[in-house]
Amino acid sequence: IPTLMTASTVYMIMSQNVVSDQPNLSIRLSNFPGVHVAVSADQQTTSNLIQNLVRSGGATPDVVPADTNFNNYLGGQIKDSLIKYEREMIAGFQYNSSVLLGEFSYYFLHSPAIVFNLVANILLQQISPSSAITVSNHPIVVQMNLDICDLALQAPSKASLFPMSMTVMTLGLMIVSMSFISYPLKERVNNSKQLQLMTGVSPLLYWFTNLLCDFIIFIITAILMLAAIYFFQTQDILSSSGYIGTLILVFLLFGLSGISFAYLFSFFVQSSVKASVLFILINLFTGTIASVVINLLAMDPDIPFIEIFM
């Protein structure tokens, strides 16, 4: 059962069915810091309008001299420094009394949309100077299966799902610990310990032998749980994380503490059924419910001590 629960935990972590949260992206010149826009117009009023739109968008207007051909001006920029032209010149505008021509650079993502938006605003503000048109990219929300690497990129909102999945694995460990209560309780019925003590076995040796046998059983279970992790993980994500050694240490410490707690707990109850029920309730509250509550509280930025504790 613990091995199956571990396999289920790893499978849920490796594949979380989530909705990818993508905010709307406003497409404007300020998305590309330091860019320039070439401006050529035969009317000073229109030239000023285009320059103001470019500056308000976060770019620098490069005014083409009146006696210079627009294409020749851009060609001169390329000859001076092709790298600078590719990195800075995002768009260009030519205007005369009958034609408004907008050009974009394919070196910049979203530059066509930016140019179309500027052309629309130039025409609009010639009629209504106080009006403006904005453009945004609205991504389609896609339901998809993401592995742990993809989810990590969307942390912390998606990373918070991991502790919830890990509770299944902790329940498996709880079942292992619960199984160690039955033998001390059965011993009180058949008095096997009393018989061994009468033959000269010391109490320390008796309990140490029980602990050793139960710990070997726990080690076998832990090995199967680790094997489930290696088998159900994808692309060696968990095994190559560098924390497998820590997980093994946690298993060993949990085995020693869990078996010892089971022995201690057996002295306070007389029935195996009652002991199992109480043991499950105690472990559910302290090991599962409490950890989930702490994880949920850690998401609240107004509780700093929880973050330090985690």
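It should be emphasised that the depicted structure is a prediction, and the values quoted were computed from it without experimental measurement. (Residues numbered from 1 in each chain as written. Predicted model: local features only at pLDDT ≥ 70, side-chain atom pairs only at ≥ 80, totals over all residues. Heavy atoms only, no water.)

You can see glutamate 86 is positioned in helix α4 (residues 82-88). Residues glutamate 86 and tyrosine 107 lie 21 residues apart in sequence; the distance between their C-alpha atoms is 6.4 Å. Discounting chain neighbours no more than four positions away, the residues touching glutamate 86 are Tyr107 and Phe108. A polar atom in the side chain of glutamate 86 sits 3.0 Å from the side chain of tyrosine 107. (Helix = DSSP H or I, 4+ residues; strand = E, 2+ residues; numbered from the N terminus. Contact = heavy atoms within 4.5 Å. Polar contact = N/O pair within 3.5 Å; in protein donor to acceptor, adjacent residues only side chain to side chain.)

Moving on to unusual backbone geometry. One non-glycine residue, histidine 110, adopts positive backbone phi at about 75 degrees. Note on placement: histidine 110 falls in the loop between β6 (100-104) and α5 (111-127).

Running from N to C, helix α2 (residues 44-56) and α5 point in directions that differ by 130 degrees, and their axes come no closer than 10 Å. Relative to α5, the element α2 is oriented oblique. Helix-helix and strand crossings are classified by hand; for α2 and α5 the assignment is right-handed. Side by side, α2 and α5 meet where Thr46, Leu49, Ile50 and Leu53 of the first sit next to Leu118, Asn121, Ile122, Gln125 and Gln126 of the second. For the contact of α2 with α5, the class distribution of residues is five nonpolar, four polar and no charged. (Axes fitted to C-alpha atoms, helices over the stretch in contact; angles between N-to-C directions. Parallel < 35°, antiparallel > 145°, perpendicular 65-115°, else oblique. Left-handed = near helix turned anticlockwise from the far one by under 90°. Nonpolar A, V, L, I, M, F, W, Y, C, P; charged D, E, K, R; others polar.)

The next thing to look at is the nonpolar core. Core analysis: the largest hydrophobic core is formed by 22 residues, its most contacted members being Ile181, Phe218 and Phe251. Of all the elements in the fold, those that place two or more residues in this core are α7 (161-179), α10 (203-232), α11 (244-266) and α12 (272-298). Contact partners of phenylalanine 218, with chain neighbours within four places excluded, come to Leu173, Val176, Phe180, Phe251, Phe254, Gly255 and Ile259. Core analysis: the next-biggest nonpolar cluster, separate from the first, contains 21 residues, Val35, Leu53, Ile90 and Phe108 among them. (Core = buried A, V, L, I, M, F, W, Y, C linked by side-chain atoms within 4.5 Å. Buried < 20%, exposed > 50% of the residue type's maximum accessible area, 1.4 Å probe, protein only.)

A word on the side chain of serine 105. Relative to the helices and strands, serine 105 resides in the loop between β6 and α5. By relative accessible area, which is 8% here, serine 105 ends up buried. Not counting residues within four places of it along the chain, the set of residues in contact with serine 105 comprises Met89, Ile90 and Ser111.

Strands belonging to one sheet form pairs held by backbone hydrogen bonds; the direction of such a pair is parallel or antiparallel. Here we have four strands laid out as an open sheet, ordered β4-β3-β5-β6, and mixed in their pairing. On the outer flanks of this sheet lie β4 (60-63) and β6, each paired with one strand and no other. Direction aside, neighbouring strands of the sheet carry axes that sit 20 degrees apart on average. Here strand β5 (residues 89-95) pairs with β6 via five bridges, running antiparallel. Its bridge partner being in β6, tyrosine 95 is matched across the sheet by leucine 100. Sitting on the sheet, α2 is in contact with β3 (36-41), β4 and β5, with an inclination near 150 degrees to β4. (Pairing = 2+ DSSP bridges.)

Glancing now at α5. Note: α-helices contain 3.6 residues per turn, so residues at a spacing of three or four share the same orientation. For α5, which comprises 17 residues, the first-to-last C-alpha distance of 25 Å matches the rise-based estimate of 24 Å (1.5 Å per residue) to within 8%. When α5 is considered as a whole, its buried residues turn out to be Ser111, Ile114, Val115, Asn117, Leu118, Val119, Asn121, Ile122 and Gln125. Next to the buried residues of α5 lie α2, β5 and β6. (Expected span 1.5 Å × (residues − 1).)

Glancing now at the UniProt feature "transmembrane region" (unreviewed entry) in the protein. With numbering matched to this structure, UniProt assigns "transmembrane region" (unreviewed entry) to residues 161-185, 205-232, 244-265 and 277-298. The straight-line gap between the two end C-alpha atoms of residues 205-232 is 40 Å; of that span, 100% is helix and 0% is strand. A helix fraction of 100% and a strand fraction of 0% characterise residues 244-265, whose end C-alpha atoms lie 30 Å from each other. (UniProt positions renumbered as here; feature names shortened; annotations may be inferred.)

Here we take up the packing of α10 against α11. Where α10 contacts α11, the two axes come as close as 9 Å, and the packing angle between them is 145 degrees. α10 and α11 meet at a crossing whose hand is right-handed. Of α11, the residues touching α10 (which contributes Trp207, Asn210, Leu211, Asp214, Phe215, Phe218, Ile219, Ala222, Met225, Leu226, Ile229 and Tyr230) are Ile244, Leu247, Ile248, Phe251, Leu252, Phe254, Gly255, Leu256, Ile259 and Tyr263. Residues belonging to the contact of α10 with α11 are distributed by class as follows: 19 nonpolar, two polar and one charged.

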